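Analysis of the macromolecular model
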Amino acid sequence: MKKIDRYIVKNYLKATFLSLFGFLNIYVVARLFKIIKYITTGRMNISDAFLYLLTDLAAAIVDMMPLAVLLGSLITISKMAKSLEVIALKTSGVSFSRIVRGPIILSFILALFMYWFNDNVVPVAKKRGRTLKSGEIEKTSKTKKNLFFKGHGPYIYYAEEINGQKESMVNVEVVKLSEDMSQIIELITAKNASYIGTGWEFYDGVINNIKEGEEQEFSTYKAPYLQERVEDFLVDEVRSEELSIKEMRQAANFVGSVGGNSREILTALYNKLSYPFACFVVSFLGLSLGSRYVRGGSAINITLSLVLGYSYYVVQASLEAMSQGGIIPPIIGAWVPNIIFFCLGIMSMKRAEY
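Now for a description of the structure that goes with this document. (Residues numbered from 1 in each chain as written. Predicted model: local features only at pLDDT ≥ 70, side-chain atom pairs only at ≥ 80, totals over all residues. Heavy atoms only, no water.)

So, the packing of helix 5 (residues 101-120) against helix 10 (residues 278-289)
Put simply, helix 5 and helix 10 touch, their axes get as near as 8 Å, and they point 155° apart. Between helix 5 and helix 10, the angle is such that the two are roughly antiparallel. Remark: the crossing between helix 5 and helix 10 carries right-handed chirality. Of the residues in helix 10, those in contact with Pro103, Ile104, Ser107, Phe108, Ala111 and Met114 of helix 5 are Cys279, Phe280, Ser283, Phe284 and Leu287. A breakdown of the residues in the contact of helix 5 with helix 10 according to their chemical character gives nine nonpolar, two polar and no charged. (Axes fitted to C-alpha atoms, helices over the stretch in contact; angles between N-to-C directions. Helix = DSSP H or I, 4+ residues; strand = E, 2+ residues; numbered from the N terminus. Parallel < 35°, antiparallel > 145°, perpendicular 65-115°, else oblique. Left-handed = near helix turned anticlockwise from the far one by under 90°. Contact = heavy atoms within 4.5 Å. Nonpolar A, V, L, I, M, F, W, Y, C, P; charged D, E, K, R; others polar.)

See below:
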C-alpha cells in the first residue's frame, strides 16, 4: 500500500495546487483592471502595484484553498474511478477509507498550515497592502478628535484631540493594563502631551497607581516606555483582518472589560480560527463524491465543487451575519459550517464504502 499511498498523494497534491493556481489566475485577472487604474492615475508605480498584488494574494490563497482542496479531491478520486482503480482496490479487500487516508491526512496538515498562514502572513500582508493603496500621504498633517487607540503592549490611549503637525495631544488618558488585558494597573491623566523624539512627555496631570492605591501629581512626566509615534495614531482605524489571533483576543478582552460590544471582533476571531479547517472538512466530501465513475466527469467535478464551495460560503456568510446581529453566539456561527459539512462528508464517505 505504500506505493499506492504515494501515487494517490502525489496526484492529490498535483490536482489541488493546479486547482488553486487556476482559481488564483481568475482572481488576478479580475484584480488587474483595478491595479492598472492605480498605475495610470498615478496612485502607484509599477513596483508598488506588483507588491500590492502580492499582498492581496495572501488573503485570496486562504479564501480559495478549501475550494481548491475540494476540486483536487474530486479530480484525484474520479480519475481513479474512471480507470477502475478504485474498484480494483476495493475488490482486493482495501476499504475506501484506507484508499483516501493519505489525502485526508494531507488535508489536515494543509489546514494547519493555512491556520498559521492566516494568523502570521495575512495580517501583515493586509496592512502592507492598505499602506500601499493609501500611499501614507501627509499623515502628520492630520488631526483627530476623541481618539481611542490601543498601543503596543498593554496600553490604551484616549485623547480629546491629537495634532499631527505639532505632535501633541490635548486632555490625554493612558491606561496601563495587565498582560492579559483584564485589569487596570495604572492610569495617567494630563492636560497636554508632546512627542519629544524618545517618547511622550505629559504636562499638568496625575498618575494613579490602581494596584497600590497611590496618586501622584506632576507638572511634567516623561514616559519613554510609550513608543507610539504621532503617525501611529493618525493612520486609519485598524481592521480585524490586520490583527493576529493573539491581538484579536486582547482587543476583545479590552472592549469587553470597558463595557463595549465585542461581538464583531469575536465573530472575526472565531472565523479566523475555524475557516482554515474547512480545507480538512471539505476533503471528505470531495474524496467520497468522486469515488464513482460518471461520464463527463471533468465538467461534473468542476460544477460540483463550485456548487458545494458556494454552499459552504453561503452558510458561513449567513451564520456570520447572525453572529454579528446577536442572534447566535459568535463561536457557534463560526464552527457550525464546518460541523455541517463534516457530517455530510462522513455520510458520503460511508456511502462510498459500498
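Next comes the rest of the account.
A closer look at the pairing of strand 1 (residues 143-150)
Two elements, strand 1 and strand 2 (residues 155-163), share seven bridges in a ladder whose sense is antiparallel. Paired with Phe149 across the strands is Tyr157, a residue of strand 2. (Pairing = 2+ DSSP bridges.)

Section: the sheet that holds strand 6 (residues 214-223)
Strand order in the open sheet formed by six strands is 1-2-3-4-5-6, and the pairing between neighbours is antiparallel. Pairing within the sheet leaves two strands with one partner each, and these edge strands are strand 1 and strand 6. Recorded for the sheet is a direction-independent mean angle of 15° between the axes of neighbouring strands. Two elements, strand 5 (residues 200-209) and strand 6, share nine bridges in a ladder whose sense is antiparallel. From the neighbouring strand, Gly205 faces strand 6, where its bridge partner is Phe218.

Observations regarding unusual backbone geometry
For Glu167, which is not glycine, the phi torsion reads 50° and is therefore positive. With respect to the secondary-structure elements, Glu167 resides in the loop between strand 2 and strand 3 (168-177). Judged by its relative accessible area of 25%, Glu167 falls in the partly exposed class. You will see that Asp204, though not glycine, has its phi angle at about 55°, which is positive. (Buried < 20%, exposed > 50% of the residue type's maximum accessible area, 1.4 Å probe, protein only.)

A word on the pattern of salt bridges
What the rule picks out here adds up to three salt bridges. Note that Asp56 and Arg31 form a salt bridge whose closest N and O atoms lie 2.7 Å from each other. Highlighted residues: Asp56 in helix 2 (residues 46-82) and Arg31 in helix 1 (residues 2-40), separated in sequence by 25 residues. Here Asp56 and Arg31 have matching classes, each one buried. Put simply, Glu161 and Lys145 hold a salt bridge, and the shortest N to O gap is 2.5 Å. Of the two residues, Glu161 is situated in strand 2 and Lys145 in strand 1; the sequence distance between them amounts to 16 residues. In this structure Glu161 comes out as partly exposed when scored by relative accessible area, which is 25%. On the accessibility criterion, Lys145 (60% relative accessible area) is exposed. (Salt bridge = Lys/Arg side-chain N within 4 Å of Asp/Glu carboxyl O.)

Examining empty space enclosed by the protein
Enumeration according to the criterion identifies one cavity of 30 Å³ or more in this entry. Considered as a void within the structure, the largest cavity measures approximately 80 Å³ in volume. Pro66, Leu67, Leu70, Ala278, Val282, Leu285, Leu308, Gly309, Tyr312, Tyr313 and Phe341 are the residues that line the largest cavity. Of all the elements in the fold, those that place two or more residues in the lining of the largest cavity are helix 2, helix 10 and helix 11 (297-324). At four residues, the largest contribution of residues to the lining of the largest cavity is made by helix 11. Taken together, the residues that form the lining of the largest cavity break down as 10 nonpolar, one polar and no charged. (1 Å grid on protein atoms, 1.4 Å probe; cavity = no way out; pocket = protein on both sides within 12 Å on 5 of 7 lines; lining within 4 Å. Points joined across faces, edges and corners; volume = space filled by probe spheres on them.)

Some remarks on the nonpolar core
Grouped together as the largest cluster of nonpolar side chains are 58 residues, with contacts concentrated most on Met65, Phe96, Ile99 and Val100. For Met65, the residues in contact, after removing those within four places along its chain, are Thr16, Phe17, Leu20, Leu110, Met114 and Cys279. Phe149, Val174, Ile188 and Ala193 belong to the second-largest nonpolar core, a separate cluster that totals 22 residues. (Core = buried A, V, L, I, M, F, W, Y, C linked by side-chain atoms within 4.5 Å.)

So, the side chain of Asn118
Note on placement: Asn118 falls in helix 5. Not counting the four nearest positions on each side in its chain, Asn118 is found in contact with Val62, Pro123, Lys272 and Pro276.

Looking at the packing of aromatic side chains
Aromatic ring pairs are described here by two measures, namely the spacing of the ring centres and the angle between the planes. Using the criterion set out here, one finds 16 aromatic pairs in the structure. A ring pair is formed by Tyr195 and Trp200, whose centres lie 5.5 Å apart and whose planes are at 65°; its orientation type is edge-to-face. The exposure class assigned to Tyr195 is buried, which follows from its relative accessible area of 9%. Exposure remark for Trp200: the relative accessible area of 0% places this residue in the buried category. With centroids separated by 5.3 Å and ring planes inclined at 85°, the aromatic side chains of Phe284 and Phe342 adopt a geometry described as edge-to-face. Taken as a pair, Phe284 in helix 10 and Phe342 in helix 12 (residues 330-352) lie far apart in primary sequence, 58 residues in all. (Phe/Tyr/Trp six-rings, centres within 6.5 Å; stacked < 30°, edge-to-face > 60°.)

By themselves, these figures tell us nothing about what the structure is for.
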